[in-house]
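# Understanding the architecture of this molecule
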Amino acid sequence: MQVTTQEIIYPSSDGQPMAESTIQYELIVKIKEGCESLFKDDQNVFVAADLLWYPVEGKPEISQAPDTMVIFGRPKGDRLSYIQYREDNIGPQVVFEIRSHNDSNTKMNKKLSFYQRHGVEEYYLYDPERNELEGWQRIEGNLEVIEPMEGWISPRLGVRFELGEDGLEIYRPNGEKFLSYAELEEERLLDRQRLQQADQRAEQADQRAEQANQIAQRLAAKLRELNIDPDSI
C-alpha cells in the first residue's frame, strides 16, 4: 500500500486587516520603515509588518502577525509568510504592536502569552488613544515588564523611546527620530530650502567681493592719474 503525505499549507493571510485606523496604520509603517532603515546595510536583519509568523513546524493553526517584527540572523527578501522552521528555526527577537480601539485586554493578553511562549526577546505595545507605551524584556526565560518605559533604550535595536505631546517618538542611536513619509518629505523640503539659502548667501558674498574689487580698481586707476603708485600706499 502506498502512503502519501499531504503537504501542510501555511496561509499567507489571516483575513484580518493590517490596521483599523489611519493612526494605527501610520504608526505601523513608521516603525517598520524606521527599523528597516536602521539596518539597511545589514543583509542579515529581516524586518516585516503584518506578516504571518508560524513558529511551530506542522502547526499552521499556531500563528501570529505582529504589526512589526525584527529578526536578526535572517536575510532580507520577499516572503509570503515567515515559517520559522524554514528560517534556521530563528524567530523574531523584537516585536511591536499598535493597539486599536477594538482590541480587548483578552486579545492583548493572548498576544503577550504567544510572544512569551515562542521566544520573543523584546515586546513593545503602544496605545495611541491613551498615549501609553508598555514593554517587556526576556530575563531568565520570561518576558518581564520594563519599568519605566520612558527613555528606555532597546538592547537589540539601540533605539530610545519617548512619549511626547504628539505621541510615541522613537530615536535612533545617533539621536535622529523615526519619521513618517510625510515628515521625511518635509525634512527634504527644508534641506532644499536651506541649501538654496546657502547658495544665495554665497552668491551675494561673491557679488559683494566683486563690487569691492571693482571699487579698488577704480581707486587705483585714479591714484595713477595723480602719479601716485597705489602699491606704495
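For the structure itself, consult the block above.
Below is a summary of the structure that appears in this document. Along each chain, the written sequence defines residue order, and numbers are assigned to residues from 1. Under the rules for a predicted model, residues below a pLDDT of 70 receive no local features and side-chain atom pairs below 80 are neither given nor counted, while totals for whole chains, interfaces and linings still include all residues. Water and hydrogen atoms play no part in the side-chain values, which are based on all heavy atoms of the structure.

## Here's the deal with the side chain of Ser154
Among the secondary structure elements, Ser154 is positioned in the loop between β8 (142-145) and β9 (160-164). Since its relative accessible area comes to 2%, Ser154 is described here as buried. Side-chain atoms alone can form a polar contact between residues adjacent in sequence; in general such a contact is a pair of N or O atoms within 3.5 Å, and within protein one must be able to donate a hydrogen while the other accepts it. A distance of 2.9 Å separates the side chain of Ser154 from the backbone nitrogen of Leu157, its partner in a polar contact. By the convention used here, residues are in contact when the closest approach between their heavy atoms is within 4.5 Å. Dropping the residues within four chain positions of it, Ser154 is found in contact with Glu122, Tyr124, Val159 and Phe161. Note on conventions: DSSP H or I runs of at least 4 residues are helices, E runs of at least 2 residues are strands, and numbering of each starts at the N terminus. Only protein chains enter the accessibility calculation, which uses a 1.4 Å probe; a residue is then buried when its area is under 20% of its type maximum, exposed when over 50%, and partly exposed in between.

## Some thoughts on the nonpolar core
Soluble globular proteins: nonpolar side chains tend toward being buried together. We call a set of buried residues a nonpolar core when its members are Ala, Val, Leu, Ile, Met, Phe, Trp, Tyr or Cys and they connect through side-chain atoms within 4.5 Å of each other. Counting residues in each nonpolar core, the largest one holds 24 residues, and the members touching the most others are Cys35, Val70, Phe96, Tyr124, Leu157, Phe161 and Ile170. Those elements that place two or more of their residues in this core are α1 (22-38), β1 (45-48), β3 (68-72), β5 (94-98), β6 (122-127) and β10 (167-171). With four residues, α1 is the single largest residue contributor to this core. For Phe161, the contacting residues outside a window of four places in its chain are Phe96, Tyr124, Leu133, Met149, Glu150, Gly151, Trp152, Ser154, Leu168, Glu169 and Ile170.

## Section: empty space enclosed by the protein
Only protein atoms enter the 1 Å grid used here. Points where a 1.4 Å probe fits but cannot escape make up a cavity, open sets with protein on both sides within 12 Å along at least five of seven lines make up a pocket, and a residue lines them when an atom lies within 4 Å of a point. Grid points are joined across faces, edges and corners, and a volume is the space filled by probe spheres set on the points. The full count for this structure, using the stated rule, is one cavity of 30 Å³ or more. Its boundaries defined by the atoms lining it, the largest cavity holds a volume of some 50 Å³. Lining the largest cavity are Leu27, Lys30, Ile31, Leu168, Glu169, Ile170 and Phe178. Breaking the lining of the largest cavity down by element, the ones donating at least two residues are α1 and β10.

## As for unusual backbone geometry
Of note, the amide linkage connecting Glu147 to Pro148 takes the cis form, showing an omega dihedral of -5 degrees. Position of Pro148 among the secondary structure elements: in the loop between β8 and β9. For Asp50, which is not glycine, the phi torsion reads 55 degrees and is therefore positive. Inspection of the secondary structure assignment puts Asp50 in the loop between β1 and β2 (53-54). We classify Asp50 as partly exposed; its relative accessible area is 28%.

## Considerations on the packing of aromatic side chains
Two aromatic rings, drawn from Phe, Tyr or Trp (for Trp, its six-membered ring), form a pair once their centres lie within 6.5 Å of each other, and the interplanar angle then sorts them: stacked below 30 degrees, edge-to-face above 60, tilted otherwise. In total, this model carries twelve aromatic pairs according to the counting rule given. Relative to Tyr124, the ring of Phe96 has its centre 5.4 Å away and its plane inclined at 35 degrees; by these criteria the two rings are tilted. Here Tyr124 lies in strand β6 and Phe96 lies in strand β5, a separation of 28 residues in the sequence. Residue Tyr124 is classed as buried on the basis of its relative accessible area of 1%. On the basis of an interplanar angle of 35 degrees and a centroid distance of 4.6 Å, the ring pair of Tyr124 and Phe161 is categorised as tilted. You can see Tyr124 sitting in strand β6 and its partner Phe161 sitting in strand β9, a full 37 residues away along the chain. Side by side, Tyr124 and Phe161 carry an identical accessibility label, which is buried. Linked through ring pairs, Trp53, Phe114, Tyr115, Tyr123 and Trp136 together constitute an aromatic cluster. Sitting over a ring, as applied to charges here, requires NZ of Lys or CZ of Arg to be within 6 Å of the ring centre and within 35 degrees of the ring normal. The side chain of Arg79 reaches across the aromatic face of Phe46, ending 4.0 Å from its centre.

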